[in-house]
Amino acid sequence: MMSKAHDVPVPATAYDAAAAAVEAALAAGARYADARLVDRRTESMTARDGDVRTLDQSTTAGLGVRALVGSSWGFAALGDPDGDAACRATGARATAIARASAAVAGPDVDLVPAQAHVDTWASDCAEDPFAVSLAEKGDLLTGVTATMRAAGVAVAEALYQAWDTRTAFVSSEGARIGQHIRECGAGMHCITVGEDETQRRSYPAFRGQYGTRGFELVRELDLPAHAERIAAEATALLTAPPCPSGRTTLVLGGEQLSLQIHESVGHAVELDRILGWEAAYAGTSWLDLDRLGSLRYGSELMTITIDPTIPGALGSFGYDDEGTPAQRRYAVRDGIWVGVLGGRDSAAVAGLTDTGSVRADGYARMPMVRMTNVGFEPGPHSLEEIVAATDDGVLMEHNRSWSIDDRRLNFQFGCEIGYEIRDGRRGRMLRNPTYTGIGPQFWASLDMLAGGEEWRAWGTPNCGKGQPGQVGHTGHGAAPARFTDVRVGVRG
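Worth saying up front: this structure is predicted, and the values here are computed from it rather than measured. (Residues numbered from 1 in each chain as written. Predicted model: local features only at pLDDT ≥ 70, side-chain atom pairs only at ≥ 80, totals over all residues. Heavy atoms only, no water.)

Break down the overall build of the protein chain for me, with residues and values.
Helix and strand counts for the protein chain stand at ten helices and 23 strands. Taken over C-alpha atoms, the radius of gyration comes to 23 Å for the protein chain, in line with the 23 Å a tight globule of 492 residues would show. Taking the principal axes of its C-alpha atoms as reference, the protein chain extends roughly 70 × 55 × 40 Å. Within the protein chain, the fraction of its 492 residues that count as buried is 58%. Long-range contacts, defined here as pairs at least 24 residues apart, represent 75% of the contacts in the protein chain between residues at least 6 apart. (Helix = DSSP H or I, 4+ residues; strand = E, 2+ residues; numbered from the N terminus. Rg over C-alpha atoms; globule rule 2.2 N^0.38 Å. Buried < 20%, exposed > 50% of the residue type's maximum accessible area, 1.4 Å probe, protein only. Contact = heavy atoms within 4.5 Å.)

This is how it looks when you write it as structure tokens:
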């Protein structure tokens, strides 16, 4: 289980600032209001070819206030809040914006009833990433890039990132919640150049691996142990035969499956997209609420959970930005679509109770429906068993490119590396492997899924959504899986 904080995640003055804003919003005429005071510290470092190239460190603090008037929300933000008067003015401004928006006729917005929690929560962190010296981090990144360069690649890069976020949340219903969440991750990649193309290999994933953990995650990745291997694979890809074109059995590595989940399940089950409220960053959703509970999304082996309680996963938290406690629910169960990612307003409109998935990118953004941890439950097989059971197919690992339509239905993905499978054995390396499909047809072809130690909650720290744009941190539980009769080797 994820632990609650033994210390106070945020100072009492943070609650006072948020409470003042809420009181002012109500006094100005809001029928509901909430406020978040967010204090965030970030750090990132990159290295290239044996040298540190960038070091970015920042600290931001501010207040974000939502107010509900009739049919509309209003939102206002205040950077570096200092003083009761400024906080109250921000609350009143949020109500004024809501009132102006409500001038456009529409039904009143209802909220799914929720318990007002008074609580504190903190993520587990064995080693504070900000306490680790910059010299040690720099030595790690420059060391692995130097190793890859020495192996003959054209470009070698590595990165590390960390976030430390403290939030005080207060609502007009009586909620008073403090959270302290620390996130961390790292990764590396290299590029080789041939006569007419380039090849890339990454570890442990495209853009790295991240979690709601401390620097212990970076140590466990053990980047130095894999630097020579991925450099050698990048070089070998230049002369490997191309992925054949046609329909065949496809085996996906866990990291690639996590992105497949993200793009063709996670975004598709976001309730604001389904309702037509949100259409930025590749559009809406092909799903129809009239078929919730009956639509077959995939094979009976397909069970997808929405679970922000997974220890250490990047989409984990104690409470979302509406004060709803983290809870596990199903999005797809035994192949049937049964749940959505929703908030208190969108769930009320849809007549559902699927809440707890509303978050914002810092204090200055309006909270919106976001993915938490959306992923598979562990399956009954292993990659070794999957390969052994495959007479003819292709294994693809590590994402290289992705494309999906604005309904989250038709997709095409490219991977960094592939291997042919013949008579139950992994064979030649293949370059430029790609595959394409249509969501429900693709997921219906799932017939084997790994689990055990091969299951991992892959972290995606760069999920884009909304206008103005917001970056979300999400997690996706995945392990190697097999799909039948998939089109591979797509050109162009």
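This is not the end of the story, as more comes after the structure.
Explain unusual backbone geometry residue by residue, including any values.
Residue P204 is reached from Y203 by a cis peptide bond, and omega for that bond is -5°. Relative to the helices and strands, P204 resides in the loop between β7 (198-203) and β8 (209-211). With an omega of 0°, the peptide bond running from Q467 to P468 counts as cis. Looking at the element boundaries, P468 is found in the loop between β21 (456-465) and β22 (470-478). The phi torsion at D49 lies on the positive side, around 55°, for a residue other than glycine.

I'd love a proper account of empty space enclosed by the protein, names of residues and values included.
Under the counting rule described, the total for this entry stands at three cavities of 30 Å³ or more. Y32, A114, Q115, A116, F169, S171, E173, A175, E322, G323 and R344 are the residues that line the largest cavity. Considering only residue class, the lining of the largest cavity consists of five nonpolar, three polar and three charged. (1 Å grid on protein atoms, 1.4 Å probe; cavity = no way out; pocket = protein on both sides within 12 Å on 5 of 7 lines; lining within 4 Å. Points joined across faces, edges and corners; volume = space filled by probe spheres on them. Nonpolar A, V, L, I, M, F, W, Y, C, P; charged D, E, K, R; others polar.)

So, the packing of helix α1 (residues 12-27) against helix α2 (residues 84-101): which residues are in play, and what are the values?
When two helices pack together, their arrangement is given by the angle between their axes and by how far apart the axes lie. Interhelical geometry of α1 versus α2 gives an angle of 40° and a closest axis separation of 7 Å. The pairing of α1 with α2 is recorded here as oblique in orientation. Like other packed secondary-structure pairs, α1 and α2 cross with a definite hand, here right-handed. Between α1 and α2, the residues in contact are A17, A20, A21, E23, A24 and A25 and D84, C87, R88, G91, A92 and T95, respectively. (Axes fitted to C-alpha atoms, helices over the stretch in contact; angles between N-to-C directions. Parallel < 35°, antiparallel > 145°, perpendicular 65-115°, else oblique. Left-handed = near helix turned anticlockwise from the far one by under 90°.)

Tell me about the nonpolar core, residues and numbers included.
L257, Y297, Y435 and W443 are the most contacted members of the largest nonpolar core, which has 52 residues in total. Among the nonpolar cores identified, the runner-up in size contains 26 residues, and M45, A47, L221 and L223 belong to it. (Core = buried A, V, L, I, M, F, W, Y, C linked by side-chain atoms within 4.5 Å.)

How would you explain the sheet that holds strand β11 (residues 329-333) if you had to name every residue and give the values?
Pairing between sheet strands relies on hydrogen bonds along the backbone, with the strands arranged either parallel or antiparallel. With antiparallel pairing, four strands are arranged side by side in an open sheet as β12-β11-β10-β15. Both edges of this open sheet fall to β12 (336-337) and β15 (374-376), since each of them pairs with a single strand only. Sheet topology places strand β10 (residues 304-306) next to β11; three bridges connect them, and they run antiparallel. Following the sheet pairing, I304 is matched in β11 by V332. On top of the sheet, helix α6 (residues 254-266) reaches β10 and β15; it is set at about 125° to β15, its chief contact. (Pairing = 2+ DSSP bridges.)

Break down the side chain of S299 for me, with residues and values.
Here S299 shows up in the loop between α7 (271-275) and β10. In contact with S299, other than residues within four places in its own chain, are D334, G335, W443, A444 and L446.

Describe the pattern of salt bridges, with residues and values.
Going through the model one piece at a time under the given rule, you end up with 31 salt bridges. Across the salt bridge formed by E263 and R408, the nearest N and O atoms sit 2.4 Å from each other. With E263 in helix α6 and R408 in the loop between β16 (392-404) and β17 (410-422), the pair connects residues that are 145 residues apart, well separated along the chain. Judged by its relative accessible area of 8%, E263 falls in the buried class. Note that R328 is salt-bridged to D307, the shortest N-O span being 3.6 Å. Of this pair, R328 sits in the loop between β10 and β11 while D307 sits in the loop between β10 and β11, placing them 21 residues apart in sequence. In this structure D307 comes out as buried when scored by relative accessible area, which is 7%. (Salt bridge = Lys/Arg side-chain N within 4 Å of Asp/Glu carboxyl O.)

Give me the lowdown on the pairing of β21, citing residues and values where you can.
Every other side chain in a regular strand lies on the same face of the sheet, so the side chains alternate between the two faces. Burial runs high along β21: seven of the ten residues are buried. One ladder, built from eight bridges, connects β21 with β22; its direction is antiparallel. Residue pairing across strands places C463 opposite G472, the latter belonging to β22. Once β21 ends, the chain turns through four residues before running back antiparallel as β22, passing G466 with a positive phi of about 90°.

I'd like a rundown of the packing of aromatic side chains, residues and numbers included.
Inspection of the entire model under this criterion finds 14 aromatic pairs. Measuring from centroid to centroid gives 6.1 Å for F411 and Y435, while their planes differ by 70°, and the two rings are edge-to-face. On the criterion of sequence distance, the pair formed by F411 in strand β17 and Y435 in strand β19 (residues 434-438) is long-range, its members being 24 residues apart. Judged by relative accessible area, which is 3%, F411 ranks as buried. Judged by relative accessible area, which is 0%, Y435 ranks as buried. Within the aromatic cluster, the residues linked to one another by ring pairs are F376, F411, F413, Y435, F442, W443 and F483. One residue, R66, lies across the ring of W73, its end atom 4.1 Å from the ring centre. (Phe/Tyr/Trp six-rings, centres within 6.5 Å; stacked < 30°, edge-to-face > 60°. Lys NZ or Arg CZ within 6 Å of the ring centre and 35° of its normal.)

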